[in-house]
Structures are given as C-alpha cells and as structure tokens.
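Take a look at the letters that make up each chain.
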Amino acid sequence: MTETARVWLVVALTLLGLFFSFVSMVGVLRLPDVYSRAHTASQADTLGAGFGLAAVALTVGLAGAGFKSVLLLFFIFVTNPTAAHAIARAAFEEGIVPWIEGDDRR
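What counts, and at which threshold
- Residues numbered from 1 in each chain as written.
- Predicted model: local features only at pLDDT ≥ 70, side-chain atom pairs only at ≥ 80, totals over all residues.
- Heavy atoms only, no water.
- Helix = DSSP H or I, 4+ residues; strand = E, 2+ residues; numbered from the N terminus.
- Rg over C-alpha atoms; globule rule 2.2 N^0.38 Å.
- Buried < 20%, exposed > 50% of the residue type's maximum accessible area, 1.4 Å probe, protein only.
- Contact = heavy atoms within 4.5 Å.
- Areas by Shrake-Rupley, 256 points an atom, 1.4 Å probe, with all protein chains shown as cover.
- UniProt positions renumbered as here; feature names shortened; annotations may be inferred.
- Patch = residues over 30% accessible without salt bridge, like charges linked within 9 Å, V, L, I, M, F, W, Y side chains within 5 Å.
- Salt bridge = Lys/Arg side-chain N within 4 Å of Asp/Glu carboxyl O.
- Expected span 1.5 Å × (residues − 1).

1. Focus on the overall build of the protein
Okay, so step 1: The secondary structure content of the protein amounts to 3 helices and 0 strands.
Okay, so step 2: When its helices and strands are written in sequence order, the protein yields α-α-α.
Okay, so step 3: Relative to a compact globule of 106 residues, whose C-alpha radius of gyration would be 13 Å, the protein shows 17 Å and is clearly more extended.
Okay, so step 4: The C-alpha extent of the protein, read off along each of the three principal axes, is 55 × 25 × 15 Å.
Okay, so step 5: Scored against the burial criterion, the 106 residues of the protein give a buried share of 23%.
Okay, so step 6: Counted over contacts in the protein with a minimum sequence separation of 6, partners at least 24 positions apart contribute 61%.
Okay, so step 7: Carbon together with sulfur atoms contributes 72% to the accessible area of the protein, which is approximately 7,300 Å² in total.

2. As for the UniProt feature "transmembrane region" (unreviewed entry) in the protein
Okay, so step 1: Sites flagged by UniProt as "transmembrane region" (unreviewed entry) map to residues 7–29 and 49–78.
Okay, so step 2: Segment residues 7–29 splits into 100% helix and 0% strand. End C-alpha atoms: 33 Å apart.
Okay, so step 3: Between the C-alpha atoms that bound residues 49–78 there is a distance of 12 Å. The span itself is 87% helix and 0% strand.

3. Overview of the environment of M1
Okay, so step 1: In this structure, M1 sits in the segment before α1 (3–30).
Okay, so step 2: Classification of M1 as exposed rests on a relative accessible area of 73%.
Okay, so step 3: Sequence separation between M1 and F74 is 73 residues; the distance between their C-alpha atoms is 25 Å.
Okay, so step 4: Setting aside residues up to four positions removed in sequence, M1 forms contacts with R6 and L9.

4. Notes on a nonpolar patch on the surface
Okay, so step 1: Together, V7, W8, V11, L15 and L18 make up an exposed nonpolar region whose accessible area comes to about 520 Å².
Okay, so step 2: Among the secondary structure elements, W8 is positioned in helix α1.

5. Quick word on the side chain of S69
Okay, so step 1: Residue placement: S69 occurs in helix α3 (residues 65–93).
Okay, so step 2: Excluding residues within four positions of it along the chain, S69 makes contact with L53, V56 and A57.

6. Points about helix α2 (residues 34–60)
Okay, so step 1: Between its first and last C-alpha atoms α2 spans 37 Å; for 27 residues at 1.5 Å apiece the expected length is 39 Å, and the two agree.
Okay, so step 2: Every buried residue belonging to α2 is among Y35, A38, T40, S42, A44, T46, G48, G50, L53, A55 and A57, and all of these are buried.
Okay, so step 3: Against the buried residues of α2 lie α1 and α3.
Okay, so step 4: Backbone geometry just after α2 places G61 at a positive phi near 85°.

Below you can see the structure in the form of structure tokens.
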C-alpha cells in the first residue's frame with residue numbers, strides 16, 4: 001500500500017469515527033428514555049471507537065502500540081454492548097417504563 005493511500009485511509013477512518021461518535025452524542029442527548037439512550041450509546045459509540053482505533057492501528061502499524069489498539073478495540077466491542085445491556089436491565093428491574101409514542105414525558 002502506498003503512503004498516500006494509507007494516509008487517506010487513516011483520514012477516512014478518523015472521519016467515520018468522529019461521525020459515529022457525534023451521532024452517539026446527539027442520540028444520548030435527544031432520545032427520550034434510558035432504553036433508547038443505552039441503545040444508541042452501545043451501537044454508535046462502539047462504531048465510533050472502532051473506526052478511531054482502526055485509524056490508530058493503521059497509523060502506527062501492528063508492532064507495539066498498533067497491537068495494543070487492536071486489543072483495545074476487541075475489549076470495547078465486548079464491553080460496550082454488555083454495559084448497555086446491564087443498564088437497560090437495571091432500568092427494567094427498577095420499573096422504569098419505556099417511552100411510547102404519544103407519551104408526554106421526555
């Protein structure tokens with residue numbers, strides 16, 4: 001892979017990571033209940049971190065720090081959905097009802 005193609009791929013991965021992180025942030029701020037917020041935080045935030053860490057791994061190579069960023073990427077892919085599930089389950093066990101269309105509480 002040429003150096004120019006690698007740089008453009010790193011830029012594309014970084015922009016994708018920023019986009020999904022921004023979407024996650026907007027979702028957490030705008031969505032009405034804990035279930036929707038947990039969903040957007042686990043899905044979009046995992047993608048944003050994944051693309052960002054892929055850009056880091058591609059930038060530094062697979063020796064040393066690149067290998068650690070790949071391990072961190074795997075860790076995030078496992079823990080983010082698990083944490084969102086735990087938050088949603090705790091909310092359900094506390095009796096927090098999901099928001100439905102036409103509900104005036106936000």
